[in-house]
Amino acid sequence: MAADETRDGVDLTNLDQPLFDGAGATKRDLVDYLDAVRDRILPVLRERPLSVVRVRPGQEPFMQKNLPKYAPAWVRSVSVWAEASRRQVTYALCDDRKTLLWFANQRAVEFHPALYAGGHPTHLVLDLDPPEHDDSFALAVRGALLVRQALADMGLAGAVKTSGAKGVHVFVPVAEGTAMDDLAAATRALAARAERLDPALATTAFIREDREGKVFLDSTRAGGATVVAAYSPRIRPGVPVSFPLAWADLERVAPGDFTLRTAPGLLKGGDPWAEHMPAPQRLPADLVEEGHTIPVARVQAMHEGKRRARARRAE
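Residues numbered from 1 in each chain as written. Predicted model: local features only at pLDDT ≥ 70, side-chain atom pairs only at ≥ 80, totals over all residues. Heavy atoms only, no water.

By the naming in an unreviewed UniProt entry, the protein is ATP-dependent DNA ligase, taken from [Actinomadura] parvosata subsp. kistnae.

Thoughts on the environment of H112
With respect to the helices and strands, H112 occurs in strand β7 (residues 108-113). Along the sequence, H112 and M154 sit 42 residues apart, while their C-alpha atoms lie 29 Å from each other. When sequence neighbours within four positions are dropped, the list of residues in contact with H112 reads P49, L50, S51, V53, M63, T226, V227, V228 and R234. In terms of polar contacts, H112 uses its side chain to reach the side chain of E110, at 2.9 Å. (Helix = DSSP H or I, 4+ residues; strand = E, 2+ residues; numbered from the N terminus. Contact = heavy atoms within 4.5 Å. Polar contact = N/O pair within 3.5 Å; in protein donor to acceptor, adjacent residues only side chain to side chain.)

Some points on the sheet that holds strand β15 (residues 244-245)
Spatial ordering of the open sheet is given by β13-β14-β10-β12-β11-β15, a layout of six strands whose pairing is mixed. This sheet does not close on itself; its edge strands, each paired only once, are β13 (202-203) and β15. On top of the sheet, helix α4 (residues 136-153) reaches β10 (123-129), β11 (159-162), β12 (168-173), β13 and β14 (215-218); it is set at about 20 degrees to β12, its chief contact. (Pairing = 2+ DSSP bridges. Axes fitted to C-alpha atoms, helices over the stretch in contact; angles between N-to-C directions.)

Focus: the pairing of β7
Burial within β7 is extensive, with six of its six residues counted as buried. In this structure, strand β3 (residues 50-54) lies alongside β7, joined through five bridges in antiparallel fashion. In the strand pairing of β7, S51 is matched with H112. (Buried < 20%, exposed > 50% of the residue type's maximum accessible area, 1.4 Å probe, protein only.)

Some details on the nonpolar core
If you look at the biggest cluster of nonpolar residues, it comprises 86 residues, and the most contacted ones within it are L45, F103, F111, L128 and V147. No other element matches the nine residues that α4 contributes to this core. Each of domain 1 (1-113) and domain 2 (120-314) contributes no fewer than three residues to this core. Apart from the residues within four sequence positions on either side, L128 is in contact with A140, G143, A144, V147, G167, V168, V170, V215, F216 and L217. Core analysis: the second largest hydrophobic core is formed by six residues, A82, V89, Y91 and Y116 among them. (Core = buried A, V, L, I, M, F, W, Y, C linked by side-chain atoms within 4.5 Å. Domains from an automatic or database assignment.)

Here it is, written out as structure tokens:
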């Protein structure tokens, strides 16, 4: 297939095709956007095993973890044992403009890097997932402010961004040498402490039917989990992007303010994710200790689901 254009040695094809139904954008718009923000998005992808969500014409979006065999030899990769699927997964490493453009040409819209680099965890993350509601994002913001208060109570600080959907992500950079199980424990404890600040607003209930219309403080983004990258587009109408914010601006915005078309101009040459991110911090021992007493949410939910199924059968 003849290339429409070549950038940095990467052939780009079918650039004028619609990106996906409801996008209001073309594949060229995706390529241009990722190229425009490359100096911001590449630092948050570099050295991290990468999963992407791709969308082909006429097909449903799909998540790609394994790097395809047809990938160019210059796309770096890393092989990781996936405990959940009990197999080795060969992930791409998106470290440079050339690889980013190749992914754009593959119609990779969403970029989901691991929360570790070089095998070591780098951030504690809480994903604030609001209920389906006319004011979902405002509820997520209120939940994020609870997390900020819980962090401040421990002398910690984090950075915040929109998820690009209806939620909010809080990232807390952790000191080098933080053990993965301690990080996961601290994440559970942080969610529990934020929930205690306003249990009428927030919940740590993993089972959806138990959330009672509250904001879910998802503490499961640890270990091998991924979170959509800052500046990544999302496969949503209008192609919103996950956009970093100052805490002071969080209550003044809406997710639709930040899209593939508007985000580059809003950056004004800056990199708010890097600018707002605190220095790495050591996790307080009491936070880690508390977290180790809290069951892992997915495991607890699995056992609870089995218990409820038995109860229904008994009825």
